[in-house]
Structures are given as structure tokens and as C-alpha cells.
Amino acid sequence: MNERQTTRKARRTSGGQAGRTATMETVGRMAGVSQVTVSRALSDPSKVSPATLKRIQEAIAVTGFVPNALAGALASRKSKLISALVPSITNIVYSAMVKAFSDRMRGHGYQILLSETGFDPHEEERLISTHLSRRPDAIMLTGIHHTAQARKMLLGTGLPVVELWDITDTPIDLCVGFSHIGAGRGVAEFAIGAGYRTAGTVSAGDERALRRKDAFAAEFLKAAGSPVDEVNFEGPASLARGREGLRLLLEEKGFERGVIFCSSDLLAHGVLIEAAARGLRVPDQIAVVGFGDQDFAQHVAPSLTTVRVDRASLGMAAADAILARFEGGETPAVTDLGFEIIRRGSA
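Values in this document were obtained by computation on a predicted structure and should not be read as measured data. (Residues numbered from 1 in each chain as written. Predicted model: local features only at pLDDT ≥ 70, side-chain atom pairs only at ≥ 80, totals over all residues. Heavy atoms only, no water.)

## Some points on the sheet that holds strand β2 (residues 111-116)
Spatially, the 6 strands line up as an open sheet ordered β2-β1-β3-β4-β5-β11, and their pairing is parallel. Among the strands making up the open sheet, the edge pair consists of β2 and β11 (334-336). Direction aside, neighbouring strands of the sheet carry axes that sit 15° apart on average. Here strand β5 (residues 174-177) pairs with β11 via 3 bridges, running parallel. From the neighbouring strand, V176 faces β11, where its bridge partner is T335. Each of β1 (81-86), β3 (138-142), β4 (161-164) and β5 touches helix α13 (residues 311-326); the most contacted strand, β5, lies at about 160° to it. (Pairing = 2+ DSSP bridges. Helix = DSSP H or I, 4+ residues; strand = E, 2+ residues; numbered from the N terminus. Axes fitted to C-alpha atoms, helices over the stretch in contact; angles between N-to-C directions. Contact = heavy atoms within 4.5 Å.)

## Details of the pairing of β4
In summary, the side chains of a regular strand alternate between the two faces of the sheet. Covered by surrounding structure in β4 are V161 and E163 together with V162 and L164, the residues of both alternating faces. With 4 bridges joining them, β3 and β4 adopt parallel strand pairing. Directly across from L141, in β4, lies its bridge partner E163. Viewed along the sheet, the connection from β3 through helix α8 (residues 148-157) into β4 turns out right-handed. Taken together, the 3 bridges between β4 and β5 define a ladder with parallel strand orientation. Note that in β5 the partner of V162 across the bridge is L174. (Buried < 20%, exposed > 50% of the residue type's maximum accessible area, 1.4 Å probe, protein only. Right-handed = clockwise from strand over helix to strand, strands pointing away.)

## Topic: unusual backbone geometry
Of note, the amide linkage connecting V282 to P283 takes the cis form, showing an omega dihedral of 10°. In this structure, the amide linkage connecting A301 to the following residue, P302, adopts the cis form with an omega of -5°. If you trace the backbone, P302 turns up in the loop between β9 (286-289) and β10 (306-308). Phi angles above zero are rare outside glycine, and K80 is one such case at about 65°. Of note, K80 is situated in the loop between α5 (69-76) and β1. With a phi close to 50°, D293 is a non-glycine residue in the positive phi region. Within the element layout of this structure, D293 appears in the loop between β9 and β10.

In C-alpha cells:
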């Protein structure tokens, strides 16, 4: 059937009742097959002949028919949806992981239902409830700390759940990430090894960032014998807060020289800007270490020493863990991909 013949048949079939929603029955009549055959073609195209599939596809194109995914999910117990909850959709750290995760899942026929929690565990709990009502096939969460009710809901579903960007000995189901405490300690060991004996921190209001900061401060105090000056912000990281962080360290904490560990590259960039504005030499007077190794880190002046985590590998590993669970294969409960300290010009 060519396109013109299909179009004429569509007009005859519609009976002039423009605006009515096309159905599977409409597609079947137009393609000259049963509704059952249309359903079979949609659920598994390999079960119909190429010629029949071509006629059905032409009929769908002409009518604009949209398959009822919910009905298919009820019949197959599969929605082909994967829920993903992230603290921020604009932060490159999370968006890079989600893109890799999404690309991998889409390659296996799944689509991502994405929501932003805003670093609020109670908002995450509300969104988990909302997403579960859509009957996803699996859920990806950011981090390992959730409300008791959120954990109860997730454990009660029996769905595969992967917690990304962190590790724990007691995951809900699966977790893929690295040790934030280990990263903080690693930066402290790097700083001591580089000869720094005084330190400060500038951190945003993310519990994972605060764990890194606390681990850094404890390890640095133990090794150098001097307490770490801290500036902590309740909100997200920004260049402005990085600049303000250095100002507060210098003017209110009495910080004079040493290394500053920032909870993100964005804050670290702000510290570098403020240092340049004050005529401070980096790294001679003020050394700066960021976190995340964002794309700009190697291009600022001086280039930024930072902690690199392979975000794409994390996203792909999380997707692979879910896919292995779908297929009934063996997959470790905890996957630790580690981190790497990248030394550049700022420290």
C-alpha cells in the first residue's frame, strides 16, 4: 500500500468524523489486520511479517495513533519507565551522571522519568511516592541518606533500586559510587604531603559535601596538629559564595595562608577570583583544591587542583546494575569506582 492509497483509506475509514482519537482498531482496519495483530506488532515487531509491520506502521503514521503504554504495562507488568531522582538538574555533576545512565537505559528500550529533589529528603520522599504511582520498573536515587518512610516505600515495592554517587554497607538494594569520607581524607593526605600545615574549607549545604569536609578536617588536624577554619553555606554552590567564602576566612576566621578545600569546583573558582581581586598569590599564599573536575577546571588561571570522579562511568555502571537485575544475573550490591586527585597549578 503506498502513501496515497493509505491516506485515501484513512479518509474512508474516518467517515468524516474529524477530531476523533485513533484507536488500535482503527489502525487494524486501515492496515487490513486484526486488532490482535496490531497489538502484537507494537509489543514485539518480530512476531509479524515485514510486510504486515510496514502496513501497520503506515497506518499509525497516517492516523497519529499513540499506543497506550499504561495498558501495555498492565498486561506485561512492565512500564519501560525508570525513575531517576537527582538533587539538581542544572549541576553538571548530576546531569552528566544522569545522561550516561539515561543513554544506557534508552539503548535497552527504557525511558527515564526525571525529578529534582533540591537536596531535601522530605521532597525526595514525596517524589518517590509520586513516581511509584507511575509503576516504574526500577528507581535510581542520588545518595544513600533517605527518610525512614522513603526506605519503607522502596523496600516494600520489591523493585530494583540503585543509589548513585555514594556507597554504604547497607544499601536499599544496589549502590554505585565512591567514599565521600575517603575523598576528604585523601585531600588532607595530599595537602600534608604537599607541605601545607594550615587549612580552611568552603562548603555548600549538601550532606555529602559536609561529610567530605568533616573527614578532611579530622584527618588534617590529626596529621598537622592545627584545626581547620571552616565556612559553611546552607544553599547551593556558586561563584559568589566562593568569593564570600574566602572573604570570611580572611576577615573573620583570621586565615592568612595555607590550603583551602572547597566542596565543589564552582566554589573553588570563586575563591580563585577573590584571591586574584585581593592580589593574593596562588598557590604561594593561598592554595585551592576543588571537587568534581568540571570542564572549566583545567582552563582557569591558575588551573584548578581537584578531585576527579568519573561521572559517566558511574551512570553507566548504575544502569548496568539495574539491567543485570532485570535479567536475573549476579551483580554486586556495592560498586565502588573510587576517585582521583588531579594536581594542577592551584595547589
